[in-house]
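Listed here are the chains, written in short residue letters.
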Amino acid sequence: MEYYRPTSVEDAVQILGRSPGAACMAGGTDLVVAMRSHKRGPHAIVDLSGLGLDTWIFDDASNRPAKVKTQGTKKAGNDEQRLGPGWRIGATVTMAVLKTLEDEDNLGVGLLADAASQVGATQIQNRATAGGNLCNGSPAADAVCAMVALDALIEIAGPTGAETMPIGKFLLGPGRVNLEPGQFLTGIFVPAHDMKKSSVALQEYRKVGSRTSLVIAVAGLAARTVLDKGKVVESRLALSSVAPTCIRATEAEAYLTGGPLSPDRIREASHLAREEARPITDLRATDQYRKEMVSALVTDHLTRAAALAQ
Ligand SMILES: Cc1cc2nc3c(=O)[nH]c(=O)nc-3n(C[C@H](O)[C@H](O)[C@H](O)COP(=O)(O)OP(=O)(O)OC[C@H]3O[C@@H](n4cnc5c(N)ncnc54)[C@H](O)[C@@H]3O)c2cc1C
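Note that this is a predicted model, so its numbers are computed, not measured.

Cut-offs and rules
Residues numbered from 1 in each chain as written. Predicted model: local features only at pLDDT ≥ 70, side-chain atom pairs only at ≥ 80, totals over all residues. Heavy atoms only, no water. Helix = DSSP H or I, 4+ residues; strand = E, 2+ residues; numbered from the N terminus. Expected span 1.5 Å × (residues − 1). Buried < 20%, exposed > 50% of the residue type's maximum accessible area, 1.4 Å probe, protein only. Contact = heavy atoms within 4.5 Å. Disulfide = S-S within 2.5 Å. Pairing = 2+ DSSP bridges. Axes fitted to C-alpha atoms, helices over the stretch in contact; angles between N-to-C directions. Domains from an automatic or database assignment. Buried area = accessible area lost by both parts, 1.4 Å probe. Salt bridge = Lys/Arg side-chain N within 4 Å of Asp/Glu carboxyl O. Polar contact = N/O pair within 3.5 Å; in protein donor to acceptor, adjacent residues only side chain to side chain. Left-handed = near helix turned anticlockwise from the far one by under 90°. Nonpolar A, V, L, I, M, F, W, Y, C, P; charged D, E, K, R; others polar. Phe/Tyr/Trp six-rings, centres within 6.5 Å; stacked < 30°, edge-to-face > 60°. Lys NZ or Arg CZ within 6 Å of the ring centre and 35° of its normal. Near = heavy atom within 4 Å. Areas by Shrake-Rupley, 256 points an atom, 1.4 Å probe, with all protein chains shown as cover.

## Things to note about helix H11 (residues 287–309)
Item 1. The first and last C-alpha atoms of H11 sit 33 Å apart over 23 residues, in line with the 33 Å expected at 1.5 Å per residue.
Item 2. Within H11, the full set of buried residues consists of Arg290, Lys291, Met293, Val294, Ser295, Leu297, Val298, His301, Leu302, Ala305 and Ala306.
Item 3. Against the buried residues of H11 lie strand S13 (200–208), strand S14 (219–228), strand S15 (231–240), helix H9 (250–256) and helix H10 (263–276).

## A closer look at the state of the cysteines
Item 1. Within the structure shown, the criterion is met by 0 disulfides.
Item 2. Cysteine Cys24 shares no disulfide, and the gap to the nearest cysteine sulfur, in Cys135, comes to 7.4 Å.
Item 3. Judged by relative accessible area, which is 28%, Cys24 ranks as partly exposed.
Item 4. Summary of cysteine pairing: Cys145 is not part of a disulfide, and the nearest cysteine sulfur, belonging to Cys246, is at 4.6 Å.
Item 5. On the basis of relative accessible area, Cys145 is assigned to the buried category, the value being 0%.

## So, the sheet that holds S14
Item 1. Strand order in this open sheet of 4 strands is S13-S14-S15-S16, and the pairing throughout is antiparallel. Of all the strands in the sheet, just S13 and strand S16 (247–248) have a single pairing partner and so form its edges.
Item 2. One ladder, built from 9 bridges, connects S14 with S15; its direction is antiparallel. Looking at the pairing, Leu227 lines up with Val232 of S15.
Item 3. Along the sheet, helix H4 (residues 109–116) contacts S13 and S14; its crossing angle with S13, the most-contacted strand, is approximately 20°.

## Topic: the domain arrangement of the protein
Item 1. Domain assignment breaks the protein into domain 1 (55–191) and domain 2 (200–309).
Item 2. Its C-alpha centre places domain 1 at a distance of 21 Å from the equivalent point of domain 2.
Item 3. A combined buried area of about 1,900 Å² lies between domain 1 and domain 2, and 59% of that area is made up of carbon and sulfur atoms.
Item 4. Scanning the region where domain 1 abuts domain 2 turns up 3 salt bridges.
Item 5. Between Lys207 and Asp142 there is a salt bridge, with its nearest N and O atoms 2.8 Å apart.
Item 6. Remark: the boundary between domain 1 and domain 2 carries 14 residue pairs in polar contact (both at pLDDT 80 or more).
Item 7. Per-element accounting of the side of domain 1 that touches domain 2 gives the leading share, 6 residues, to helix H7 (residues 142–149).

## Focus on the packing of H10 against H11
Item 1. Axis separation between H10 and H11 bottoms out at 8 Å; the angle between their running directions is 145°. Crossing angle aside, the handedness with which H10 passes H11 is right-handed. Counted together, Ile266, Ala269, Ser270, Ala273, Arg274 and Glu275 of H10 and Gln288, Lys291, Glu292, Val294, Ser295, Val298, Thr299, Leu302, Thr303 and Ala306 of H11 form the full contact between these two elements.
Item 2. The residue inventory of the contact of H10 with H11, partitioned by class, reads 7 nonpolar, 5 polar and 4 charged.

## Observations concerning the sheet that holds strand S1 (residues 2–4)
Item 1. Across the sheet, 3 strands lie side by side as S1-S3-S2; this open sheet has parallel pairing. Each edge of the open sheet is held by one strand with a lone partner, namely S1 and strand S2 (23–25). Neighbouring strand axes in the sheet, compared pairwise and without regard to direction, differ in orientation by 25° on average.
Item 2. Pairing between S2 and strand S3 (residues 44–47): 3 bridges, direction parallel. Each bridged residue has a counterpart across the sheet, and for Ala23 the counterpart in S3 is Ile45.

## Some details on the packing of aromatic side chains
Item 1. Under the criterion given, the structure shown has 1 aromatic pair.
Item 2. Plain terms: the ring middles of Phe58 and Trp87 are 5.0 Å apart, the flat faces sit at 65° to each other, and that makes the pair edge-to-face. With Phe58 in strand S4 (residues 56–59) and Trp87 in strand S7 (residues 86–90), this pair connects stretches of sequence that are 29 residues apart.
Item 3. The exposure class assigned to Phe58 is partly exposed, which follows from its relative accessible area of 39%.
Item 4. Over the ring of Tyr255 we find Arg265; its NZ or CZ atom is 4.6 Å from the centre of that ring.

## Some thoughts on the site of the ligand
Item 1. Near the ligand lie 31 residues; those nearest to it are Cys24, Thr29, Asp30, Arg40 and Thr129.
Item 2. Between the ligand and Gly27, the relevant distance is 2.7 Å, taken from an oxygen atom to a main-chain nitrogen or oxygen of the residue.
Item 3. A distance of 2.9 Å separates a nitrogen atom of the ligand from a polar backbone atom of Leu185.
Item 4. Relative to its unbound accessible area of 980 Å², the ligand is 87% covered by the protein chains.
Item 5. For the shell around the ligand, the secondary structure elements donating two or more residues are S2, helix H5 (122–127), helix H6 (130–135) and strand S12 (184–191).
Item 6. For the shell around the ligand, the element with the highest residue contribution is H6, accounting for 4 residues.
Item 7. Taken together, the residues that form the shell around the ligand break down as 16 nonpolar, 10 polar and 5 charged.

The following block contains the structure:
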């Protein structure tokens, strides 16, 4: 097997271009496990650890053009998207680093930090990267669920240049992501979400599994609920492990937005989220159990958000 450790994004693109079928390796916590169990056998490994993609910054948007070209899909053409302030996170930033990101003003990244803190245990968090969690394409990926809730943008490098795409377009299905041959993920942009001084927010990641730690989610919820003067002004409910990719419970979000968090409305929103889940039965849980867990997770989150607002 060939092994490459490029030291620039351009070199990595060149190597991937001339080695079709080569596998990118970041922390190796998914890839090496798959190779050891003979589920994958790439002829070449491109180690991404020398690219300097292991840093993050808060970008206040003042020093960059207001518009960034965003490709929805390779076939659908380009739309222009206005990016505000947010966090630029390199693809090889580890969970150990992500979980330390502070968000005193509840602008969003705290939700990602909470999810990262629940990936595996310390040893895994020291290796596992944000990009690896995304590119592995698992619907149970904890950090990915938080990125879906926060409308993260995915930054990609490849033979035709750099591009940015919404996370919903990047995740295609179990084990499948929207990368063409020769492309790889260079970073993630997590937008800073609005918070008025008078608002209160609860943002958190919760997962249900067969143990309390070191567990793959049977169902997970990345949620951000912002209330102002007793009414929901922002509702984000992303679900993991209950559909082919992490998904948003958009009907429940739309129902909640603009109203108070009364017990009746919490019940109805939990029911809507439960109906939006499309789980399968596998060796870890039945589809019905997963649906019940979605309802329980949403009820629990909204009940605590309501208490916070009082
Ligand atoms: C014991 C154990 C416990 C775990 N627990 C959890 C858990 O609780 N929650 C959870 O979400 N995950 C868990 N995982 C899975 C894994 O740790 C995560 O998915 C992790 O984020 C993968 O990151 P990595 O850097 O190790 O990826 P790698 O293993 O290096 O790569 C994963 C895949 O993505 C590709 N890839 C990686 N980076 C890029 C890139 N920048 N561009 C293009 N392709 C890329 C690789 O080719 C490979 O296909 C666990 C794994 C183990 C072994």
